[in-house]
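Fold and geometry: a report
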Amino acid sequence: MRSLPTAAELLKIARDGLLNELLPHLPKEQHYTALMAANALAISMREIQADASQDQAEAALLHELYGSAATSAGIDEFAVRLAHDLREGRFDTRLPAVGQLLLAEVTARLRVSNPKYLKQAGLN
Amino acid sequence: MDANKETTQKPDVETFVAGFLQREAGAEAVEVHSCKRLGGGAIQENLALDLSISGGPWAGRHTLVLRTDSPSGLSISLSRAQEFAVLKVAFAAGVKVPEPLWLHRDQGEFGRDFYLMRRVGGSAAARPLVRGDLTTDEREALLAEMGSELARLHQVRPPVASFDFLSVPEGSPALARVAEYRRLIDAIGRPQPTLEWALRWLELNAPVGGETVLTHGDFRTGNYMVEDKRLSGILDWEFAGWSDPMEDLGWLCARCWRFGAWEHEAGGVGSAEAFARGYATVTGQPLDLSALPYWKVMGTMRWAVIALMQAERHLSGEQPSLELALTGRMLPEIELDLVQEINAIEEERARHA
């Protein structure tokens, strides 16, 4: 049995209440904090809705570079290895190609943290 | 710095400054008319002081700013005494800065170092300036002013005797930055593949044969004052150091400091070319902008590292804060900027190959 409303729905309605009902009554100095709180709720909501897409994007990146050894169970270990290998110059001959792969992974995280920014940057 | 010193049993600012100025300015009496906190600066605290001095060479009314450390300092920035030394040199070089007047080296009597400088008119607020109704000519004139001020600053070359606290990078300032950012990332201890990718690119593409000059280190919209559409003063010198002159322009032009006005490359206000024209009026030779795209990437990199450090203050429990927490979630934006900027440079290069 699934509890309803879902976490995403609760975050959405809490955010609506914050912005529509509380914000108009807050003194101006407190607006910034309220807007930040609304943003934090929106990010959390999108993260829940995005499900595992951020992790999948990272796993796809690591799989592309390291093959099937980088299974999703070893993601953290391979992220450390990728960071290290990049610094040591092991990907120097294909930096632009690695850049394209990183772009896909960054885009997946940006869809959660700030989708408007993606649009402004000409991506979707 | 003095962040952990006990400050409770100390005299209040107004009383202390009045006594301090009596000694330093040879005054008979000092009357403080008003003292209020100025906004801006997570690291420094700025107080606007309006006071009258009677007797001595400084007799008269003065509008000053007192700048001190606020309780949470960033370890990579200069102390107040060091910043005061930098301001003195910049002022002597003819750069538009608030004139630095007196430095207080604390021996426990107040609780913190501070210095006093003349207050500059205008506003440093970024968004009203970026979104304001400046005409194209006014924007370009403002950028030209920034260019000529920075050119004056960049004419200061090492060594400067009072700068014993600033190290001159051995070899390329760009490579010194790459090493510094790697150290800071390592200190946080989480893998950052995108940042490592960008740092490797910055390492492989570092410009050769650049000069080493006195740079502001944090020259961006929000850190200079504008009054009646003219530049009235450059503030916030705590990141000054010896570096490549283009680092200052790269930081000003990085996408993160355009406050949404992406169409105006230089600080969301105007063009880098206008900055270069103003720069050339001081140096007498054209400013070569060919390395600017590289230094924009370096600026974006710098912001990535600062954002990581800010987020870490929340994550480590040192300073739980919604704002710092959200800064951590800005990382993907900065990473996207890095990838796009580097890709654009590589594509441009491929076109000309």
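Calculation criteria
Residues numbered from 1 in each chain as written. Chains lettered and ligands numbered in written order. Predicted model: local features only at pLDDT ≥ 70, side-chain atom pairs only at ≥ 80, totals over all residues. Helix = DSSP H or I, 4+ residues; strand = E, 2+ residues; numbered from the N terminus. Buried ≥ 20, exposed ≤ 12 C-beta atoms within 10 Å, placed from the backbone. Contact = placed C-beta atoms within 7 Å. Rg over C-alpha atoms; globule rule 2.2 N^0.38 Å. Axes fitted to C-alpha atoms, helices over the stretch in contact; angles between N-to-C directions. Parallel < 35°, antiparallel > 145°, perpendicular 65-115°, else oblique. Nonpolar A, V, L, I, M, F, W, Y, C, P; charged D, E, K, R; others polar. Domains from an automatic or database assignment. Pairing = 2+ DSSP bridges. Expected span 1.5 Å × (residues − 1). Left-handed = near helix turned anticlockwise from the far one by under 90°.

The name that an unreviewed UniProt entry assigns to chain B is Phosphotransferase family protein, with the source organism given as Zoogloea oleivorans.

Within an unreviewed UniProt entry, the label attached to chain A reads DUF6285 domain-containing protein, and the organism entered is Zoogloea oleivorans.

What follows concerns the overall build of chain B. Secondary structure summary: chain B contains 11 helices and nine strands in total. Taken over the C-alpha atoms alone, chain B extends approximately 70 × 50 × 40 Å along its principal axes. By the burial criterion, 43% of the 353 residues in chain B qualify as buried. Sequence separation of 24 or more characterises 69% of the internal contacts of chain B that already satisfy a separation of 6 or more.

Per the secondary structure count, chain A includes six helices and zero strands. Counting from the amino terminus, helix and strand elements in chain A follow one another as α-α-α-α-α-α. The C-alpha radius of gyration computed for chain A amounts to 19 Å, which surpasses the reference 14 Å derived for 124 residues by more than 25%, pointing to a less compact arrangement than a globule. Expressed as a percentage of its 124 residues, the buried residues of chain A come to 19%. Taking all contacts inside chain A whose residues are at least 6 apart in sequence as the whole, residues at least 24 apart take part in 51%.

Another aspect to go through is the packing of helix 2 (residues 31-50) of chain A against helix 5 (residues 95-113) of chain A. Describing two packed helices takes the angle between their axes plus the distance from one axis to the other. All names here are of chain A. Running from N to C, helix 2 and helix 5 point in directions that differ by 130 degrees, and their axes come no closer than 7 Å. The orientation of helix 2 with respect to helix 5, classified from their angle, is oblique. Across the interface between the two elements, Ile43, Arg46, Glu47 and Ala50 from helix 2 touch Arg111, Val112 and Ser113 from helix 5. Taken together, the residues of the contact of helix 2 with helix 5 sort by class into three nonpolar, one polar and three charged.

As a further point, take the domain arrangement of chain A. You'll often see interface size given as the accessible area lost when the parts meet. All names here are of chain A. Domain assignment breaks chain A into domain 1 (7-50) and domain 2 (53-120). Placing a centre on the C-alpha atoms of domain 1 and another on those of domain 2 gives a separation of 30 Å. At the junction of the two partners, domain 1 supplies four residues and domain 2 supplies five residues. Residue classes in the side of domain 1 that touches domain 2 are distributed as two nonpolar, no polar and two charged.

Here we come to the pairing of strand 7 (residues 224-227) of chain B. Residue and element names in this part refer to chain B. Direction of pairing for strand 7 relative to strand 8 (residues 230-234): antiparallel, over a ladder of four bridges. By the bridge assignment, Glu227 is partnered in strand 8 with Arg230. As consecutive antiparallel partners, strand 7 and strand 8 are separated by two residues, and within that stretch Asp228 has a phi angle of approximately 50 degrees, a positive value.

The next thing to look at is unusual backbone geometry. Here the bond from A:Leu4 into A:Pro5 is cis, since omega is -5 degrees, no more than 30 degrees from zero. Mapped onto the elements, A:Pro5 comes out in the segment before helix 1 (7-22). The omega torsion of the bond from B:Pro158 to B:Pro159 falls at 0 degrees, within 30 degrees of zero and hence cis. The phi dihedral of B:Lys229 falls on the positive side, at around 65 degrees, and the residue is not glycine. With respect to the helices and strands, B:Lys229 occurs in the loop between strand 7 and strand 8. Judged by the 16 C-beta atoms lying within 10 Å of it, B:Lys229 is partly exposed. We note that B:Asp236 has phi near 55 degrees; this positive angle belongs to a residue other than glycine.

Once that is clear, we can look at the interface of chain B and chain A. Listed per partner, the contact involves 22 residues of chain B and 27 residues of chain A. Here the element with the most residues in the side of chain B that touches chain A is helix 11 (residues 331-352) of chain B; it accounts for nine residues. Class assignment for the residues of the side of chain B that touches chain A results in 11 nonpolar, four polar and seven charged.

All names here are of chain B. Split into domains, chain B comes out as domain 1 (13-118) and domain 2 (126-352). A C-alpha centroid distance of 28 Å is found between domain 1 and domain 2. Across the contact, 18 residues belong to domain 1 and 18 residues belong to domain 2. Top element by residues in the side of domain 1 that touches domain 2 is helix 2 (residues 80-92). It accounts for seven residues.

Now for helix 1 (residues 13-24) of chain B. Between its first and last C-alpha, helix 1 of chain B extends 16 Å over 12 residues, near the 16 Å set by a 1.5 Å rise per residue. Of the residues trailing helix 1 of chain B, B:Gly26 is marked for its positive phi of about 55 degrees.

Another aspect to go through is the packing of helix 9 (residues 292-315) of chain B against helix 11 of chain B. All names here are of chain B. Following both chains from N to C, one finds helix 9 and helix 11 inclined at 165 degrees, their axes separated by 10 Å at the closest point. Classified by the interaxial angle, the pair formed by helix 9 and helix 11 is roughly antiparallel. Crossing angle aside, the handedness with which helix 9 passes helix 11 is left-handed. The residues of helix 11 that touch helix 9, namely those facing Pro293, Lys296, Val297, Thr300, Met301, Trp303, Ala304, Ala307 and Leu308, are Leu331, Ile334, Glu335, Asp337, Leu338, Glu341, Ile342 and Ile345. Among the residues making up the contact of helix 9 with helix 11, the classes are represented as 12 nonpolar, one polar and four charged.

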